[in-house]
Amino acid sequence: MAKTLLWWSHDPGQNYSRNRIVRQQITALGWRITDFKPRISSLGDWQARFSALPPHDAVWVPCFRQRDVAAAQRHAHRLNVPLIFDPLISAWDKQVFDRHKFSPDRAQARRLLAWESRLLGHCDRIVADTAEHAAFFHHQQFGVSEQALAVVSVGAEENLFSSPPVPDTTPPEVLFVGSFIVLQGPEVIVEPVRRYRGPPARFTLLGDGPLKAACIEAAHGLDNLHFESWLDYRALPARLARTQVLPGVFGSIQMAGRVIPNKAYQAMACGRIQITREAPAWQGIPQGADSGVWCDPPRSPPGPCRHPCTLPGATRVAGRPGCSRTTDLRQLSVRTACARRVGRIARWPGTGAGCPKASVIKGSHAVDTWQVNVTPSGDNLLTGCMLNLRVFGVNTP
């Protein structure tokens, strides 16, 4: 009999790709999902008690819903089922180090940290998007135990993002896509473009956010730097298909070193060259011409601006038939990897022989993950992407 997971959120997956991908994998593993939308976060457990909910075997609280955790925990505890929380980011980290709303030593920051630490401590499993992020939840003042942590990569929606041919356009385009926020570091791109003296190239910054006005002002007089507003998400794959190089994240804050964002996986799924900041989250991932990923030190000008000669070379690499990003990239998507192996997942013993369990070591910290080996060279960008609910302490059907 199929098991049921209670999805505890106002967002049943429509508004954020991370949630959609996770739900697809849960369904692919044979689980049913029941949506529960608490009207008032703090009273969600009372609403659930008087709702006609079917029996369920686990409760999942998705991204950014820290405010829902306390009520979900009370509900899960009453039914003696595990509570799984996928925060994606820390509320304390975002408010203190990204938005700079409070300084770390202020009373408001300490209260926020204590509140979030209590919430995380009440969960049976915490999902992180990278091993570095899992280490953050363990080593920082949150103190989440290693046994409570699991890593599931953000991934990209393969049904939308594919690997179209690289356009042979002149000049080639370098397209930054993302929010104009400190984490993304779009301002790092502007001044190097002003100093750019390489082959003709078009630089485009697509998105919106609080730093956009300052970037536009800094780019005054630049004919080769253009700005575009947000696109409808469904139009984004076609926009990425028209470019050659996709800059990633350049923020200097610590959070930027712990994440591999959604747009990084979209770039890989589209088979496009990616230039991003050097970060602990990218350690162990092949870089350079053989992988199509270049990592530069934080706050340094992105590759095509710092080394103009790399732009035409990068464009050739993106379209090279032997490049792993164009020939093997479909294997790197979460959906394909999971679908290919889901038939074996149900037959694997929890930790017995044949179960591809591994550990990602960050200092003294180990995080259990699921390895997806996609090429003989060990190209393994989706370490931890296999969404096997055994990792979360829940028996699969």
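Residues numbered from 1 in each chain as written. Predicted model: local features only at pLDDT ≥ 70, side-chain atom pairs only at ≥ 80, totals over all residues. Heavy atoms only, no water.

Visitor: Tell me about the overall build of the chain, and name the residues and values.
Guide: Scanning the chain from terminus to terminus reveals 14 helices and 14 strands. Here the chain, with 397 residues, has 56% of them falling under the buried criterion. In the chain, the proportion of contacts linking residues at least 24 apart, taken out of those at least 6 apart, comes to 68%. Accessible surface computed for the chain: about 17,100 Å², of which carbon and sulfur atoms make up 53%. (Helix = DSSP H or I, 4+ residues; strand = E, 2+ residues; numbered from the N terminus. Buried < 20%, exposed > 50% of the residue type's maximum accessible area, 1.4 Å probe, protein only. Contact = heavy atoms within 4.5 Å. Areas by Shrake-Rupley, 256 points an atom, 1.4 Å probe, with all protein chains shown as cover.)

Visitor: Which residues make up the packing of helix H3 (residues 66-79) against helix H5 (residues 107-121), and what values do they have?
Guide: Between H3 and H5, the shortest axis-to-axis distance is 9 Å and the interhelical angle comes to 45°. When the interaxial angle is binned, H3 and H5 end up oblique. With respect to the hand of their crossing, H3 and H5 are arranged in left-handed fashion. Contacts from Gln 66, Arg 67, Val 69 and Ala 70 in H3 reach Trp 115, Glu 116 and Leu 119 in H5. (Axes fitted to C-alpha atoms, helices over the stretch in contact; angles between N-to-C directions. Parallel < 35°, antiparallel > 145°, perpendicular 65-115°, else oblique. Left-handed = near helix turned anticlockwise from the far one by under 90°.)

Visitor: Break down the packing of helix H4 (residues 91-98) against H5 for me, citing the residues and quoting the values.
Guide: At their nearest, the axes of H4 and H5 sit 9 Å apart, and the two run at 160° to each other. On the basis of their axis angle, the class for H4 and H5 is roughly antiparallel. Of the two possible hands of crossing, H4 and H5 adopt the one that is left-handed. Only Ala 109, Leu 112, Leu 113 and Glu 116 of H5 make contact with H4, whose side of the interface consists of Ala 91, Trp 92, Gln 95 and Val 96. Of the residues in the contact of H4 with H5, the class split is 6 nonpolar, 1 polar and 1 charged. (Nonpolar A, V, L, I, M, F, W, Y, C, P; charged D, E, K, R; others polar.)

Visitor: Please set out the sheet that holds strand E1 (residues 4-8) residue by residue, giving values where relevant.
Guide: In space, the 6 strands of this open sheet follow the order E2-E1-E3-E4-E5-E6, with parallel pairing throughout. Two strands lie at the open edges of the sheet, namely strand E2 (32-36) and strand E6 (149-151), each paired on one side alone. On average, each strand axis in the sheet is tilted by 25° relative to the strand beside it, whichever way the strands run. As paired strands, E1 and E2 are joined by 5 bridges and run parallel to one another. Within E2, the residue paired with Trp 7 across the bridge is Asp 35. (Pairing = 2+ DSSP bridges.)

Visitor: Outline the packing of aromatic side chains, listing residues and values.
Guide: Counting across every chain of the model gives 13 aromatic pairs. Geometrically, the ring pair formed by Phe 136 and Phe 142 is edge-to-face, given 5.5 Å between the ring centres and 70° between the ring planes. No difference in accessibility class separates Phe 136 from Phe 142, as the two residues are buried. Ring geometry for Phe 176 and Phe 180: centres 6.0 Å apart, planes at 80°, overall edge-to-face. Taking the relative accessible area as the measure of exposure, Phe 180 reaches 0% and is therefore buried. Residue placement shows Arg 49 over the ring face of Trp 46; its charged tip is 4.8 Å from the ring centre. When the ring centre of Phe 136 is taken as origin, the NZ or CZ atom of Arg 258, which lies over that ring, is 3.8 Å away. (Phe/Tyr/Trp six-rings, centres within 6.5 Å; stacked < 30°, edge-to-face > 60°. Lys NZ or Arg CZ within 6 Å of the ring centre and 35° of its normal.)

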